[in-house]
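Chain and residue survey
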There are 2 protein chains.
Amino acid sequence: MSSTEHHCCGHAHDRGILSEWTAHLQSAGHKLTKPRLAVLELLHRQEHPITNREIHAELSAECDLASIYRTMHLLLEMDLVQQFDFGDGTARFELVSPGGDSHHHHMICTRCSTVVEVDHCFPDSLSETLARHTGFKKITHKLEFFGLCPDCQ
Amino acid sequence: MSSTEHHCCGHAHDRGILSEWTAHLQSAGHKLTKPRLAVLELLHRQEHPITNREIHAELSAECDLASIYRTMHLLLEMDLVQQFDFGDGTARFELVSPGGDSHHHHMICTRCSTVVEVDHCFPDSLSETLARHTGFKKITHKLEFFGLCPDCQ
DNA sequence: CTTTCAATTGCAAGCGAATTGCAACTTGGC
DNA sequence: GCCAAGTTGCAATTCGCTTGCAATTGAAAG
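Residues numbered from 1 in each chain as written. Chains lettered and ligands numbered in written order. Predicted model: local features only at pLDDT ≥ 70, side-chain atom pairs only at ≥ 80, totals over all residues. Heavy atoms only, no water.

1. Side note on the interface of chain A and chain B
Interface size is commonly expressed as the accessible surface area that is lost when the partners come together. Each partner contributes to the interface: chain A provides 31 residues, whereas chain B provides 32 residues. Both faces combined, the contact of chain A with chain B buries some 2,800 Å², and carbon together with sulfur accounts for 73% of it. Counting every contact that joins chain A to chain B gives 0 salt bridges. Seen at the junction of chain A and chain B, the total is 10 residue pairs in polar contact (both at pLDDT 80 or more). For the side of chain A that touches chain B, the elements supplying multiple residues, two or more each, are β4 (105-109), β5 (115-118), α5 (124-134) and β6 (137-148) of chain A. Top contributing element to the side of chain A that touches chain B by residue count: β6(A), with 12 residues. (Contact = heavy atoms within 4.5 Å. Buried area = accessible area lost by both parts, 1.4 Å probe. Salt bridge = Lys/Arg side-chain N within 4 Å of Asp/Glu carboxyl O. Polar contact = N/O pair within 3.5 Å; in protein donor to acceptor, adjacent residues only side chain to side chain. Helix = DSSP H or I, 4+ residues; strand = E, 2+ residues; numbered from the N terminus.)

Shown next, in the form of structure tokens:
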């Protein structure tokens, strides 16, 4: 499944590690540009969702802010990133493995903005109940938790 | 609890119906201004959360947009309205009875934006589990559902 | 009912997130 | 290497929301 390249593991130029995403882009007829690679690489290093502005702060030399927004739209369309809304007016993005089950949520501290990943979710039966009650199809949801982290209590 | 006034029931000047909210405002030392009354009255007539811009469209004669934003801040602070986020970048507001349990969510059609109220929610035990797992306190959540309504399928 | 003053409003300017038009520049197929 | 389509950077723009300030108004006190 993974490519046959393996360099010494590590920093710049991670074609091997990123091939999961670059392959998708290319086979859909999109170009592998320097800005796109830089954004993918940076997203890949994150533990938590990150804003476009934060990405631009790191990549201002290699990539214009507008291009970051455009790249993120592309990745969203192709389901290569997932968008989260933490309640401040700024979108956050997380790289997801194509086809992988990445369903999760976040707990955000309302005082210091610390983020903790949350794997728990309500049972699927609830969505099914809702589908029956409302007649809606293809139901998804957005769910985030807020509270006071141990340090801020 | 309710006042002794009763007119013929109806439109303008619903001091009786709105007293639940106006009383709170006044006893907290806030003025009962024309803009505030107009906003309250309009909110009271809504079945679904409404945006500040939508309110202003109806009330442009009686109330500046900035005042609507300011009124909404006030009502939020006093827990007289609840704010919802439907994923477009625009806040929506719903009047809630002071002290009443208004916990609910929404199902929003991703194509035509139809809104359906959803009373179901996941069991409280989930929040408790999360509190134990994460160490967070005073946990709240934001949850909205998205899907295709019967007409749009 | 008038006075009085702090709270509130309207207006216009301002801010940050996100989008867009366009000329210049890459990417990747030939 | 060449070329066309896709992409980028830049600057200007939109959109939701906020803010400073002078003018107005609600309501408490006289």
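2. Focus on the protein's contact with DNA strand C
In the vicinity of DNA strand C there are 21 residues, among which A:Arg53, A:Tyr69, A:His73, B:Arg36 and B:Ser67 approach most closely. Close to the protein, within 4 Å, the atoms of DNA strand C belong to sugar or phosphate groups at a rate of 69%. Contact between DNA strand C and B:Arg36: a phosphate oxygen at 2.7 Å from a side-chain N or O atom of the residue. Where the surface near DNA strand C is concerned, the elements lending two or more residues are α4 (65-77) of chain A together with α2 (34-44) and α4 (65-77) of chain B. Considering every element that reaches the surface near DNA strand C, the biggest residue donor is α4(A), with 4 residues. Of the residues belonging to the surface near DNA strand C, the class tally is 6 nonpolar, 7 polar and 8 charged. (Near = heavy atom within 4 Å. Nonpolar A, V, L, I, M, F, W, Y, C, P; charged D, E, K, R; others polar.)

3. Some points on the sheet that holds strand β2 (residues 81-85) of chain A
All names here are of chain A. Strand order in the open sheet formed by 3 strands is β1-β3-β2, with antiparallel pairing between adjacent strands. The sheet terminates laterally at β1 (50-51) and β2, the two strands that pair on one side only. One ladder, built from 5 bridges, connects β2 with strand β3 (residues 91-95); its direction is antiparallel. Along β3, the bridge assignment pairs Gln82 with Glu94. (Pairing = 2+ DSSP bridges.)

4. Thoughts on the environment of B:Cys152
Residue and element names in this part refer to chain B. Within the element layout of this structure, Cys152 appears in the segment after β6 (137-148). Judged by relative accessible area, Cys152 falls into the buried class, the value being 13%. For Cys152 and Cys112, which are 40 residues apart along the polypeptide, the C-alpha to C-alpha distance reads 7.3 Å. Look past the residues within four positions of Cys152 in its chain and what remains in contact with it is Cys109, Arg111 and Cys112. (Buried < 20%, exposed > 50% of the residue type's maximum accessible area, 1.4 Å probe, protein only.)

5. Here's the deal with the relation of the copies chain A and chain B
For the pair chain A and chain B, the relating rotation is 179°, the translation along its axis is 0.0 Å, and the fit reaches an RMSD of 0.2 Å. Put plainly, the chains are arranged around a two-fold axis. Nearest to the rotation axis, the C-alpha of A:Leu143 is located 2.2 Å from it, this being the minimum over chain A. Most of the interface of chain A is mirrored in chain B, where 100% of its interface residues again form contacts. (Least-squares fit on C-alpha atoms with pLDDT ≥ 70 in both.)

Nothing here speaks to function; it is all geometry.
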